[in-house]
Amino acid sequence: MTQDVLLTISGLHDMTFADPEENEENEPIEVITPASYYWKNGKHYILYDEVMEGIPGVVKNKIKITGEDSMEIMKSGITNVTYYDTPYGQLHVGIHTRKLDVNVDDERIDIAVEYGLDVNHEATADCRIAMSIRPKAQAEEAISGK
């Protein structure tokens, strides 16, 4: 695969604590962004910047894929942390991966993740994320319909 890639991330958070009819957060989201791809020491690396709406600066993201059953997402810059301080004390946020599928071939990497999100050890959301990494030229052709 080439170094210049296009990363597509699609996600859905099913907020288990809310009434689905009243919860606008159950809407799926999709982000398409340019990224850089590297293969090093038997691992795939995808690097991209994320701009947070209304906040100056960027979040630097690194996705590391090891084999077909391990993925790490590392963020630096303006990021979220696992403990959130509030006027009422700290909130503990946990992520519990239930399923991870990684499919790699010469011209594409597809990832599907299902995980649970909890706050203070209480389930708050069931989440699904799908990622697709393709060479930039190939992805642009697919988008333009050529």
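Everything in this summary refers to the structure shown in the same document. (Residues numbered from 1 in each chain as written. Predicted model: local features only at pLDDT ≥ 70, side-chain atom pairs only at ≥ 80, totals over all residues. Heavy atoms only, no water.)

Here's the deal with the overall build of the chain
Each helix and strand in the chain was counted, giving one helix and nine strands. Secondary structure elements of the chain, listed N to C terminal, follow the sequence β-β-β-β-β-β-β-β-β-α. In the chain, which comprises 146 residues, the share counted as buried stands at 28%. A fraction of 43% describes how many contacts in the chain between residues 6 or more apart in sequence connect residues 24 or more apart. Just so you have it, the chain exposes about 9800 Å², and 50% of that area is on carbon and sulfur atoms. (Helix = DSSP H or I, 4+ residues; strand = E, 2+ residues; numbered from the N terminus. Buried < 20%, exposed > 50% of the residue type's maximum accessible area, 1.4 Å probe, protein only. Contact = heavy atoms within 4.5 Å. Areas by Shrake-Rupley, 256 points an atom, 1.4 Å probe, with all protein chains shown as cover.)

Remarks on the pairing of strand β5 (residues 70-77)
Sheet topology note: the strand β4 (residues 58-66)/β5 ladder contains eight bridges and is antiparallel. Paired with Lys64 across the strands is Glu72, a residue of β5. Taking the residues between adjacent antiparallel strands as the criterion, β4 and β5 are bridged by three residues, where Gly67 takes a positive phi near 65°. (Pairing = 2+ DSSP bridges.)

Focus: the environment of Leu100
With respect to the element layout, Leu100 can be found in strand β7 (residues 89-105). For Leu100, a relative accessible area of 22% translates into the label partly exposed. Between the alpha carbons of Leu100 and Tyr115 there is a distance of 8.8 Å; along the sequence they are 15 residues apart. Setting aside chain neighbours within four positions, we find Leu100 in contact with Glu68, Asp69, Ser70, Met71, Ile111, Ala112 and Val113.

Examining the environment of Gly57
Structurally, Gly57 is set in the loop between β3 (43-51) and β4. Placed 21 residues apart in sequence, Gly57 and Ile78 show a C-alpha to C-alpha distance of 7.1 Å.

Let's talk about unusual backbone geometry
Even without being a glycine, Asn120 presents a positive backbone phi close to 50°. Considering the arrangement of structural elements, one finds Asn120 in the loop between β8 (108-119) and β9 (122-135). Within the chain, His121 stands out as a residue other than glycine whose phi angle is a positive 65°.

Considerations on the side chain of Lys64
Note that Lys64 resides in strand β4. Lys64 sits in the buried class, given a relative accessible area of 17%. Not counting residues up to four positions away in its chain, the partners in contact with Lys64 are Lys43, His44, Tyr45, Ser70, Met71, Glu72 and Met74.

Things to note about the side chain of His44
Mapped onto the elements, His44 comes out in strand β3. In this view, His44 contacts Tyr37, Tyr38, Trp39, Ile63, Lys64, Ile65, Val104 and Ile109; residues no more than four positions away in its chain are not counted.

Observations concerning the pattern of salt bridges
Applying the stated criterion across every chain, the model contains six salt bridges. Among the ionic pairs, Arg98 bridges to Asp126, the shortest N-O distance being 2.9 Å. In this pair, Arg98 sits in strand β7 while Asp126 sits in strand β9, placing the two residues 28 residues apart along the sequence. For Arg98, a relative accessible area of 56% gives the class exposed. According to the relative accessible area criterion, Asp126 is partly exposed, its value standing at 28%. (Salt bridge = Lys/Arg side-chain N within 4 Å of Asp/Glu carboxyl O.)

A few points about the pairing of strand β2 (residues 29-40)
Alignment of β2 against β3, held across five bridges, turns out to be antiparallel. Across the sheet, residue Trp39 finds its bridge partner in β3, namely His44. If you look at the hairpin formed by β2 and β3, you'll find two residues sitting between the two strands, and Asn41 has a positive phi there, around 50°.

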